[in-house]
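# A look at the structure
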Amino acid sequence: MLKLRDVNAYYGYVHALKGISIDVEEGKIVSLLGANGAGKTSTLKVISRLVSVESGIIEFQERNIKNYSPEQIVSMGIVQVPEGRQVFPQLTVKENLMIGTFTRKDKDNIPNTLDKVYTYFPRLKEREKQIAGTLSGGEQQMLAIGRALMAKPKLLLLDEPSLGLAPLIVKDIFEIIKEINKEGTTILLVEQNAFQALQISDYAYILETGKIVHQGRANQLISDQNVKKAYLGA
Ligand code: ATP
C-alpha cells in the first residue's frame, strides 16, 4: 500500500533521513521504533508531505505521491495524528472531531463515522460539548485519534500515541489501535514504547540516526536477543 525507497530528507544541513526504505502492506500494523532523534517523526512527515524529500521514491497505492500537497495526501486517505495530541483547545470535542471531516466529499456519511468514533471512544461522546483544552491527556489523545478517523483514513500515521500517558491509559489506547486496524484501517505507528508497539504490530523497523538498522516481523524482533538488549530494555 505504501512504499518508500531510499528516501533522503534534510533540515538545512542536517541529514535527517539517510536512505529510508519501508513497506506498509494493506491491513497491517507496522511500527517505526528507535531512540529520540532517530528520524521516526521525520519519516511520517515526508509521507504526509510536511517535510520535503531530497531524493527517493514515495508511493501510495502505486501512485507517486512525492509531489502531492498535504491536502491531497489527506484526500487520498493518508491521515497523520501528530505527536503531542495537538487538539484545538478552545473548541469543543465535537467541533474538533468535525474538523477532521474537512476534506471529505461524502458528507452524508459523516454521522455514521461520528457514531463509529464514539463507539471506539465513549468518553468523547460523554464529553461532546466540553472544551478540548480541559480534557485529560489521555482524552486529548483519544480526541486526536478520533479527529483523524473522521477523515476516513485508509492509512493512519500515529506519532507516539503513548507519550506522557499513564500505563493503564496506554493499554487502552493500544487496544483501540488494534481494534481500528481490525476494522480495516492500515496503521503506521511511531513509538518509543517499543515493547508495547511490537505486541500489536505485524512488522517493525528500528531506526538509528536516520537509518534503518533492524527490521522484521514483530514476533521475531520481540524474541531477538540483540534487539531485546538494545531496544526493549531487557
Ligand atoms: P523524537 O522521538 O525525539 O521525535 P524522532 O525519531 O521522531 O525523535 P525526528 O524528530 O524525526 O526524530 O528527528 C530526526 C533528526 O532531525 C534529529 O536529529 C532532529 O534534531 C532533526 N530535526 C527534526 N526536526 C527538525 C527541524 N525542524 N529543524 C532542524 N532539525 C530537525
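Our subject is the structure listed above.
Cut-offs used in this document
- The residue numbers shown here count from 1 along each chain, following its written sequence.
- Given that this is a predicted model, residues contribute local features only at a pLDDT of at least 70 and side-chain atom pairs are listed and counted only at 80 or more, while totals for whole chains, interfaces and linings are drawn from all residues.
- Where side-chain values are given, they derive from all heavy atoms of the structure, hydrogens and water being excluded.
- Counting from the N terminus, the helices are the DSSP runs of H or I reaching at least four residues and the strands are the DSSP runs of E reaching at least two.
- Think of it in three bands: residues with accessible area under 20% of the maximum for their type are buried, residues over 50% are exposed, and the middle band is partly exposed, with areas taken using a 1.4 Å probe on protein chains only.
- We call two residues in contact whenever any of their non-hydrogen atoms come within 4.5 Å of each other.
- What sets the accessible areas is the Shrake-Rupley method with a 1.4 Å probe; for residues, cover comes only from the shown protein chains.
- Here Asp and Glu are counted as negative and Lys and Arg as positive; His is not counted, and neither are the chain ends.
- A charged residue contributes its charge at one atom only: NZ of Lys, CZ of Arg, CG of Asp or CD of Glu.
- For two strands to pair, DSSP has to find at least two bridges joining them.
- What counts as an axis is a line fitted to C-alpha atoms, over the stretch in contact for a helix, and the angles between N-to-C directions run from 0 to 180 degrees.
- Whether a residue is near a molecule or strand depends on its heavy atoms: if one lies within 4 Å, it is near.
- Distance and chemistry together define a polar contact, namely a pair of N or O atoms within 3.5 Å, with one atom able to donate a hydrogen and the other to accept it when in protein, and with adjacent residues in sequence counting only for side-chain atoms on both sides.
- All amino acids are sorted into three groups, where Ala, Val, Leu, Ile, Met, Phe, Trp, Tyr, Cys and Pro are nonpolar, Asp, Glu, Lys and Arg are charged, and the leftover types, Gly among them, are polar.
- To pair, rings of Phe, Tyr and Trp, with the six-membered ring standing in for Trp, must have centres within 6.5 Å; the planes then decide the type, stacked if under 30 degrees apart, edge-to-face if over 60, and tilted in the middle.
- Placement of a positive charge over a ring is assigned whenever Lys NZ or Arg CZ falls within 6 Å of the ring centre and within 35 degrees of the normal to the ring plane.

### Re the overall build of the protein chain
Summing up its helical and strand segments, the protein chain has ten helices and ten strands in all. Looking at the 234 residues of the protein chain, the share that counts as buried comes to 47%. In the protein chain, of all internal contacts separated by at least 6 residues, the share reaching a separation of at least 24 is 65%. For the protein chain, the exposed area adds up to about 11,400 Å²; of that, 49% sits on carbon and sulfur atoms. Put simply, the protein chain has 29 plus and 26 minus side-chain charges, and the middle of one group is 0 Å from the middle of the other.

### Side note on the sheet that holds strand β4 (residues 55-60)
Sheet architecture is open: four strands sit in the order β2-β1-β4-β5, paired in antiparallel fashion. Strand pairing shows two members of the sheet lacking a second neighbour, β2 (14-24) and β5 (63-64), which therefore form its edges. With five bridges joining them, strand β1 (residues 2-11) and β4 adopt antiparallel strand pairing. When the sheet's bridge partners are listed, Arg5 is paired in β4 with Ile57. Of the strands in this sheet, β1, β2 and β4 touch helix α1 (residues 40-47), which is tilted by about 110 degrees from β1.

### Looking at the site of the ligand
Looking at the ligand, there are 13 residues lining it, with Asn36, Gly37, Gly39, Thr41 and Ser42 nearest. A distance of 2.5 Å separates an oxygen atom of the ligand from a polar side-chain atom of Ser42. Within the side chain of Glu160, one N or O atom sits 3.3 Å away from an oxygen atom of the ligand. Calculation on the ligand without its partners gives an accessible area of 630 Å², and the protein chains cover 62% of this total. With three residues, the single largest contributor to the shell around the ligand is α1. Here the shell around the ligand is built from residues that sort into four nonpolar, six polar and three charged.

### Re unusual backbone geometry
Even without a glycine there, the phi angle at Arg49 is positive, about 70 degrees. Taking the relative accessible area as the measure of exposure, Arg49 reaches 13% and is therefore buried. Within the chain, Gln61 stands out as a residue other than glycine whose phi angle is a positive 45 degrees. Tracing the chain through its elements places Gln61 in the loop between β4 and β5.

### Examining the packing of aromatic side chains
Tallying each qualifying case throughout the model produces two aromatic pairs. Taking NZ or CZ as reference, Lys116 lies 5.4 Å from the ring centre of Tyr120, over its face.

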